[in-house]
Protein chains: 2
Amino acid sequence: MTTVALAEPKPYHHGDLRRALLMAAEAVLEREGPSALSLRAVAREAGVSPAAPYHHFKDKNELLNAVAMEGFAQLKQAMAAAIDRASAEEKRSSIGVAYVEFAQANPHLYRVMYDCARNGEALPENTDEADSAYELVKETITAAAGDQLSELDLELTCIASWCAAHGLAEMCNFAKFKPLKDLMGGERAFLQGVLDHLGVMSRIKTELR
Amino acid sequence: MTTVALAEPKPYHHGDLRRALLMAAEAVLEREGPSALSLRAVAREAGVSPAAPYHHFKDKNELLNAVAMEGFAQLKQAMAAAIDRASAEEKRSSIGVAYVEFAQANPHLYRVMYDCARNGEALPENTDEADSAYELVKETITAAAGDQLSELDLELTCIASWCAAHGLAEMCNFAKFKPLKDLMGGERAFLQGVLDHLGVMSRIKTELR
DNA sequence: GCACGGAACTGAACGCTGTCAAGATGATCT
DNA sequence: AGATCATCTTGACAGCGTTCAGTTCCGTGC
């Protein structure tokens, strides 16, 4: 199912190759995984020559960054939908599960997203969408507990939540967790269980003092 | 500063090329980063032909896995040292900081470690060292709070701690956190602050109920 | 209605990569 | 000494990212 008209005699100028390349990239990514996501493969998928993408992206890296931004936009959307679905008191909890489940549903995309994010120092603009998704988390946490936390505590709590979610997203598919998941009755219970235990240590520390 | 004898007339048989390749890989990794870590570059660094590594590793991937296992061994060592240094009540806290600081001190190695770990489904043996490091965390948490937690809670707490540490390790160098770090008076304060806030949300949730 | 400037695209080329088959080398065992 | 066998080299292959000279076509000014 290609996205561009096939009947026409393949016009020399593509119309919107930039968008077509992004969709081709996501198609290749989903079908063959990150290791097969070469510039040439994307160009092939879009039906253009290997050099064509260079008129729309400086680099392979710049293409990947665009894919990553698209991914962060989707992630934000998934989290927003989860918030809408959840009852007031479950909003904060459901956003974490939604985050991890998005990563599980789009493992290849998620990988590209963070490969780009880690290299992001050199590319100041590439985190716009990531920022926007982060803000969504911040709003949710503020709504749940904003009046109980200082500005600094709020920020640190958001960062801690995001880090925990990211860590879980990257590791939740490790084979070693399989038996535990079965024991707990499924993926979602496992995810919720881990997220619920983030505070256990600090609570114990508090009690001990 | 090559690691193998230079004076000798370059013996055809290398002696211990496997180890030499691992050291060469870590050297290349430190000097030029993960993107430059090609099989050929490693062979070049070790002073052998591009095909030589294939007598010691099935794949490029298998070489990277070996590097990753070495990295997990070093990580375990770093955490163990931190535990030894810390007072009894700070052991659990210091292990998290040690984890993240190891990742910051060896960013390239840490990246290879988790790139391998994520692909690990196909390679059953490659997590031995990671397992061993995980066990160290489990022992520490058990020592701190074992009697207060069920077996399941203990396991979930360990996983949650590891996930949070991993997430922080991957994200703590994001440029957006720079101002906050300065405000808090340095890297270590920031790390400790984030780790200390992991439990904030669950504590608030508890209070609200 | 038409030339022309410039953007979009192609095709061929460069050096790099991972991998493999065939041959050279030298340590080891009998 | 001779045979064996793992080890290492040489040379080759396809595929990669990237560049560059040329081709095609769209939009604009006349």
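See above for the structure.
Anyway, here's the lowdown on the structure attached to this text. (Residues numbered from 1 in each chain as written. Chains lettered and ligands numbered in written order. Predicted model: local features only at pLDDT ≥ 70, side-chain atom pairs only at ≥ 80, totals over all residues. Heavy atoms only, no water.)

Structural notes on the relation of the copies chain A and chain B
Using the following cut-off: Copy-to-copy superposition: least squares on the C-alpha atoms, limited to residues that have pLDDT of at least 70 in both copies. Only heavy atoms matter for contacts: two residues are in contact if any of them lie within 4.5 Å across the pair.
For the pair chain A and chain B, the best superposition has an RMSD of 0.0 Å and corresponds to a rotation of 180° with a translation of 0.0 Å parallel to the axis. Given the turn and translation reported, the copies of this chain are related as if by a two-fold rotation axis. For chain A, the minimum C-alpha distance to the rotation axis belongs to A:Gly199 and amounts to 1.6 Å. Counting the interface residues of chain A, we find that 100% of their copies in chain B are interface residues as well, pointing to one common contact surface.

A few points about the pattern of salt bridges
Definition in use: Here, a salt bridge means any Lys or Arg side-chain nitrogen found within 4 Å of an Asp or Glu carboxyl oxygen. Only runs of H or I of at least four residues qualify as helices and only runs of E of at least two qualify as strands under DSSP, and these elements are numbered from the N terminus. Three labels apply to residues, based on accessible area from a 1.4 Å probe with only protein chains included: buried if under 20% of the type maximum, exposed if over 50%, partly exposed otherwise in between.
According to the stated counting rule, one finds 20 salt bridges over all chains in the structure shown. Between B:Lys178 and B:Asp182 there is a salt bridge, with its nearest N and O atoms 3.2 Å apart. Taken together, the residues B:Lys178 and B:Asp182, both in helix 8 (residues 178–184) and four residues apart, mark about one turn of the helix. Relative accessible area serves as the criterion here: at 51%, B:Asp182 is assigned to the exposed category. Put simply, A:Arg31, A:Glu32 and A:Glu45 are held in one network by salt bridges that share partners.

A look at the environment of A:Phe72
Residues and elements named next belong to chain A. Relative to the helices and strands, Phe72 is located in helix 3 (residues 60–85). In this structure Phe72 comes out as buried when scored by relative accessible area, which is 3%. Note: C-alpha distance between Phe72 and Arg44 (28 residues apart in sequence) is 25 Å.

A closer look at the interface of chain A and chain B
The condition that has to hold: As used here, buried area is the combined drop in accessible area, with a 1.4 Å probe, of two parts when they are placed together. Nitrogen and oxygen atoms within 3.5 Å of one another constitute a polar contact, given that in protein one can donate a hydrogen and the other can accept it, and given that sequence-neighbouring residues count only through two side-chain atoms. In this count, Pro and Cys sit with the nonpolar residues alongside Ala, Val, Leu, Ile, Met, Phe, Trp and Tyr, while Asp, Glu, Lys and Arg are called charged and the others, Gly among them, polar.
Between chain A and chain B, the contact holds 51 residues from the first and 51 residues from the second. With both sides pooled, the region where chain A packs onto chain B buries about 4600 Å², and carbon together with sulfur makes up 68% of that total. The tally of links between chain A and chain B comes to two salt bridges. With its nearest N and O atoms 2.6 Å apart, the salt bridge here joins B:Arg118 to A:Glu170. Put simply, chain A and chain B have eight residue pairs in polar contact (both at pLDDT 80 or more) between them. Looking at the side of chain A that touches chain B, the elements that each hand over two or more residues are helix 5 (107–118), helix 6 (128–145), helix 7 (151–171), helix 8 (178–184), helix 9 (187–196) and helix 10 (200–208) of chain A. In terms of residue class, the side of chain A that touches chain B is made up of 28 nonpolar, ten polar and 13 charged.

What about the nonpolar core?
We apply this condition: Definition used in this section: a nonpolar core is a set of buried Ala, Val, Leu, Ile, Met, Phe, Trp, Tyr and Cys residues joined via side-chain atoms within 4.5 Å.
Counting 134 residues, the largest nonpolar core has A:Tyr99, A:Tyr114, A:Trp162, A:Phe190, B:Tyr99, B:Tyr114 and B:Phe190 as its most contacted members. Not counting the four nearest positions on each side in its chain, B:Tyr114 is found in contact with A:Met171, A:Phe174, B:Phe72, B:Tyr99, B:Trp162 and B:His166.

A word on the packing of helix 4 (residues 91–105) of chain B against helix 5 (residues 107–118) of chain B
All names here are of chain B. How we decide: Throughout, an axis means a line fitted to C-alpha atoms (over the contacting stretch in the case of helices), and angles, computed between N-to-C directions, take values from 0 to 180 degrees. Each angle receives one of four descriptions, namely roughly parallel if under 35 degrees, roughly antiparallel if over 145, roughly perpendicular if within 65 to 115, and oblique otherwise.
The N-to-C vectors of helix 4 and helix 5 enclose an angle of 110°; their axes lie 5 Å apart at closest approach. As the angle between them shows, helix 4 and helix 5 are arranged roughly perpendicular. Seen from helix 4, the contacting residues are Tyr99, Phe102, Ala103, Gln104 and Ala105; seen from helix 5, they are Pro107, Leu109, Tyr110, Met113 and Tyr114. Within the contact of helix 4 with helix 5, the residues separate by chemical class into nine nonpolar, one polar and no charged.

Concerning the side chain of A:Ser93
Residue and element names in this part refer to chain A. Of note, Ser93 is situated in helix 4 (residues 91–105). Judged by relative accessible area, Ser93 falls into the buried class, the value being 15%. At 3.0 Å, the side chain of Ser93 and the side chain of Gln192 are in polar contact.

What to know about the packing of helix 3 of chain A against helix 4 of chain A
Residue and element names in this part refer to chain A. Test applied: It is the rotation of the near helix from the far one that decides the hand of a crossing: anticlockwise by less than a right angle makes it left-handed, clockwise makes it right-handed.
Contact geometry for helix 3 and helix 4: axes closest at 8 Å, N-to-C directions at 145°. Crossing angle aside, the handedness with which helix 3 passes helix 4 is right-handed. Touching Gly71, Gln74, Leu75, Ala78, Met79, Ala82, Ile83 and Asp84 of helix 3 are Lys91, Ser94, Ile95, Ala98, Tyr99 and Phe102, all from helix 4. Looking at side-chain class alone, the contact of helix 3 with helix 4 contains nine nonpolar, three polar and two charged residues.

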